[in-house]
Amino acid sequence: MKLYVIKRALVLMTLLSSTAFASTVMGLSDEDIIARAQYIMKGTVSSIYTTIEKAGTPFQYITIDIQKLYKNDPSSPLYELDKIVIRQMGGTANNVTLDIDSLQKFTEGSEVFVSVKQDRNGYYYVIGNSQGLYKIVNEKLINNTQDAGTAFVRQGESGQIVFEPGKIKEIKMEQMQKKLDAATSREEF
Amino acid sequence: MKKTLILGLILATSSSIHAYTLNAVAQSGARWKNFPVSMRLNPANSGLPSAEVQRVITNAMSSWNTGVSEEVLAISAVNNTVTASTGMDMDGINSITFSSSFREDSNGFDPDVTVAIGGQYGNDSDMVDAFIIFNSESVAWSTDRAISSNKSLYGDDLETIALHELGHVLGLGHSQINTAAMSAARTSRIVRDLAQDDIDGAKYLINSANGAATGSGNGYSSDASRSAGCGSIVNSNTGNSSGNTGGMAAMMLIPITVLVFARKRVRELN
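About the criteria used
Residues numbered from 1 in each chain as written. Chains lettered and ligands numbered in written order. Predicted model: local features only at pLDDT ≥ 70, side-chain atom pairs only at ≥ 80, totals over all residues. Heavy atoms only, no water. Helix = DSSP H or I, 4+ residues; strand = E, 2+ residues; numbered from the N terminus. Buried < 20%, exposed > 50% of the residue type's maximum accessible area, 1.4 Å probe, protein only. Phe/Tyr/Trp six-rings, centres within 6.5 Å; stacked < 30°, edge-to-face > 60°. Contact = heavy atoms within 4.5 Å. pLDDT = per-residue confidence, 0-100. Salt bridge = Lys/Arg side-chain N within 4 Å of Asp/Glu carboxyl O. Axes fitted to C-alpha atoms, helices over the stretch in contact; angles between N-to-C directions. Parallel < 35°, antiparallel > 145°, perpendicular 65-115°, else oblique. Nonpolar A, V, L, I, M, F, W, Y, C, P; charged D, E, K, R; others polar. Expected span 1.5 Å × (residues − 1). Polar contact = N/O pair within 3.5 Å; in protein donor to acceptor, adjacent residues only side chain to side chain. Pairing = 2+ DSSP bridges. Arc of directions from axis to C-beta. Left-handed = near helix turned anticlockwise from the far one by under 90°.

A.B. asks: Sorry, what's going on with the overall build of chain B here?
C.D. replies: In terms of regular secondary structure, chain B is built from 9 helices and 5 strands. For chain B, the sequential pattern of α-helices and β-strands runs α-α-β-α-β-α-β-α-β-β-α-α-α-α. Per-residue burial for chain B yields a buried fraction of 56% across its 270 residues.

A.B. asks: Please clarify how the packing of aromatic side chains should be interpreted in this entry.
C.D. replies: A ring pair, where both rings are aromatic, is described by two values, the distance of the centres and the angle of the planes. All names here are of chain B. One pass over the full model with this rule turns up 8 aromatic pairs over all chains. Ring centres of Phe98 and Phe134 lie 4.9 Å apart, and the angle between their planes is 20 degrees; on these two criteria the pair is classed as stacked. Pair noted here: Phe98 is in strand E3 (residues 95-99) and Phe134 is in strand E5 (residues 127-135), with a separation of 36 residues, a long-range link. Looking at Phe134, the relative accessible area reads 0%, which means it is buried.

A.B. asks: Sorry, what's going on with the environment of A:Tyr49 here?
C.D. replies: Residues and elements named next belong to chain A. As for its placement among the helices and strands, Tyr49 is situated in strand E2 (residues 39-53). On the basis of relative accessible area, Tyr49 is assigned to the exposed category, the value being 52%. Sequence separation between Tyr49 and Lys135 is 86 residues, and the spatial gap between their C-alpha atoms is 19 Å. With residues near it in sequence (within four places) discarded, Tyr49 still touches Phe59, Gln60 and Tyr61.

A.B. asks: Sorry if this is basic, but what is going on with the confidence of the model for chain A here?
C.D. replies: Parts of the prediction with low pLDDT should not have their coordinates interpreted in detail. Counting all residues, the mean pLDDT for chain A is 80, and 72% of those residues have values of 70 or more. Within the model, pLDDT remains below 50 along residues 5-17 of chain A, and this stretch shows 13 contacts once partners closer than five positions in the same chain are excluded.

A.B. asks: Is there a simple way to explain the pattern of salt bridges in this structure?
C.D. replies: Side-chain pairs of opposite charge can arise where the charged atoms are in close proximity. All names here are of chain A. Evaluated as defined, the whole model comprises 11 salt bridges over all chains. For Lys83, the salt bridge is made with Asp65, and the minimal N-O distance between the two is 2.9 Å. Taken together, the residues span a long stretch of sequence, with Lys83 in strand E4 (residues 83-89) and Asp65 in strand E3 (residues 57-71) at a distance of 18 residues. It is possible to trace a salt-bridge network through shared partners that takes in Asp30, Glu31, Lys169 and Lys179.

A.B. asks: Help me understand the packing of helix H3 (residues 50-68) of chain B against helix H8 (residues 196-209) of chain B in this model?
C.D. replies: Residues and elements named next belong to chain B. Their axes nearest at 9 Å, the elements H3 and H8 cross at an angle of 75 degrees. Classified by the interaxial angle, the pair formed by H3 and H8 is roughly perpendicular. Only Asp198, Ile199, Ala202, Lys203 and Ile206 of H8 make contact with H3, whose side of the interface consists of Trp64, Gly67 and Val68. The residue makeup of the contact of H3 with H8, split by class, is 5 nonpolar, 1 polar and 2 charged.

A.B. asks: Teacher, can you tell me more about helix H7 (residues 158-170) of chain B here?
C.D. replies: In an α-helix, one turn spans 3.6 residues; hence positions three or four apart end up facing the same way. Residue and element names in this part refer to chain B. For H7, which comprises 13 residues, the first-to-last C-alpha distance of 18 Å matches the rise-based estimate of 18 Å (1.5 Å per residue) to within 8%. The element H7 is extensively covered by neighbouring structure, given that 13 of its 13 residues are classed as buried. Immediately downstream of H7, the backbone of Gly171 shows phi near 125 degrees, a positive value.

A.B. asks: Honestly, the side chain of A:Lys71 in this entry has me stumped. Any pointers?
C.D. replies: Residues and elements named next belong to chain A. Here Lys71 lies in strand E3. Of the polar contacts made by the side chain of Lys71, one reaches the backbone oxygen of Ile34; its length is 2.8 Å. Engagement of the side chain of Lys71 in a polar contact is seen with the backbone oxygen of Ala37, the distance being 2.8 Å.

A.B. asks: Sorry, what's going on with the pairing of strand E7 (residues 111-118) of chain A here?
C.D. replies: Residue and element names in this part refer to chain A. Across 6 bridges, E2 lies against E7 in antiparallel orientation. Each residue of the ladder has a partner; that of Thr44, found in E7, is Glu111. In the sheet, E7 pairs with strand E9 (residues 133-137) via 3 bridges, with the strands oriented antiparallel. In the strand pairing of E9, Phe113 is matched with Tyr134. Both E7 and strand E8 (residues 124-126) contribute to a ladder of 3 bridges, which runs antiparallel. In the strand pairing of E8, Lys117 is matched with Tyr125. Hairpin connection of E7 to E8: 5 residues between the antiparallel strands, including Gly122 at a positive phi of 95 degrees.

A.B. asks: Whenever I open this one, the pairing of E3(B) confuses me. Can you help?
C.D. replies: The side chains of a regular strand alternate between both faces of the sheet. Residues and elements named next belong to chain B. Of all 5 residues in E3, 5 are buried, a share of seventy percent or more. Here E3 shows a buried face lined by Ser95, Thr97 and Ser99 and a second buried face lined by Ile96 and Phe98. Sheet topology places E3 next to E5; 5 bridges connect them, and they run parallel. Bridge assignment links Ile96 to a residue of E5, and that residue is Ile132.

A.B. asks: Even after reading the chapter, I still don't get helix H3 (residues 173-185) of chain A, so can you show me in this structure?
C.D. replies: Residue and element names in this part refer to chain A. Taking 1.5 Å per residue as the helical rise, H3 with its 13 residues ought to reach 18 Å, and the 18 Å between its terminal C-alpha atoms agrees with that figure. Turning to H3, its buried residues are Met173, Met176, Leu180 and Ala183. Buried residues along H3 cover an arc of 80 degrees about the axis, so they all sit on one side. Exposed side chains of H3 directed beyond 90 degrees from the buried face belong to Glu174, Lys178 and Ser185.

A.B. asks: What am I meant to see in the packing of H3(B) against H7(B) here?
C.D. replies: The axes of two packed helices give the description: the angle between them and the distance between them. Residues and elements named next belong to chain B. Contact pair H3 / H7: the axes reach a minimum separation of 9 Å and the direction vectors enclose 50 degrees. Compared by their axis directions, H3 and H7 come out oblique. The two elements H3 and H7 meet at a crossing, and its hand is right-handed. Taken together, the residues of H7 that come into contact with H3 (itself represented by Val53, Val56, Ile57, Asn59, Ala60, Met61, Ser63 and Trp64) are Leu158, Glu159, Ala162, Leu163, Leu166, Gly167 and Leu170. Looking at the contact of H3 with H7 residue by residue, the classes come out as 11 nonpolar, 3 polar and 1 charged.

Following this line, the structure appears as structure tokens:
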């Protein structure tokens, strides 16, 4: 029986495909992300559905149940208790695994603080790729671009170009609220 | 004098250590088995003359080919049979394309900040499909060094980004060495030449494709020569990005070990 299980696992491992993508991304500050976002919200990842599309490529459909909106688009408003769906490449379906370095990783059931924009197909994408997603843990917002494998490029204070690898960034909710308030006072909302 | 010699020994040992990493596919054991990896190029939508795009992509490929003393990358055709919208498809066609509608083709990437995407598909032994998509909707590409130097954003220099993305196509992740083309933390806007670490990484991938060292996902080797094999691997990385941490840890570990030995030796000599 054990041998059968091992054999099946080996066959499955042989069938599994993997992919890797890497990208060069412009680095954004929280203020940049706030300014660029169409919607900023706190919500729960209620489901992640992966399916194969476009000649064998796995795509994820991530549903977020909105708990609170911090930035809204008056021309196309969202409301608390609405759901949005983020569509992105990645995940595992039909024994094909797609691991994308620079895209954000969602976990079902997790609470997130996320800045998004709607695309032309009605789905949403995260601002700045992995930069626009914070996981909420014990009232702290945690953004992890260290595991994203992305090369970030920023313009330094004296105009020079600076390259940075990803990092783990922590910020308290009240600090983020201050940044949101500052953006409101600058009438960015 | 003795301390100077010991310090020299430490530096010499440190400088021989490499910091390249492998991307997720290469870590799973997949390798290109047939070289050159031939890619179709569609220069349309780049905003540049086709011949100029071809010249620059050829230059970037030549840098890798010259670096490893083997033709590992080549352009198989320059035409419009590949497009950005089909570039990511797992269809066995390696492609280099430009997307002027990156918002539609981005597939979850933020089109305003993503400069280019490069990668490949593979199984546990073979790499089967590779692609590079340049974002020409948000990025103004240039092939002129002077113009590129004056642009406000790094992503404008096509050859620099092509060199980096082609490294991903071969199977490399990001390097811990800032001067490397595969670094995620470079300090120069234009990097059109490979560092030794890039070359070592590519050689490692080619060697392991020939059966010298496969499958374990190691992206960290102290010797990238053809005969290196498994014996040269001194640390294993865990991923393209998380693997960077592993590579750095290994880079630090060896000098620290040497330092401890050196201090002990100094005490003995004193």
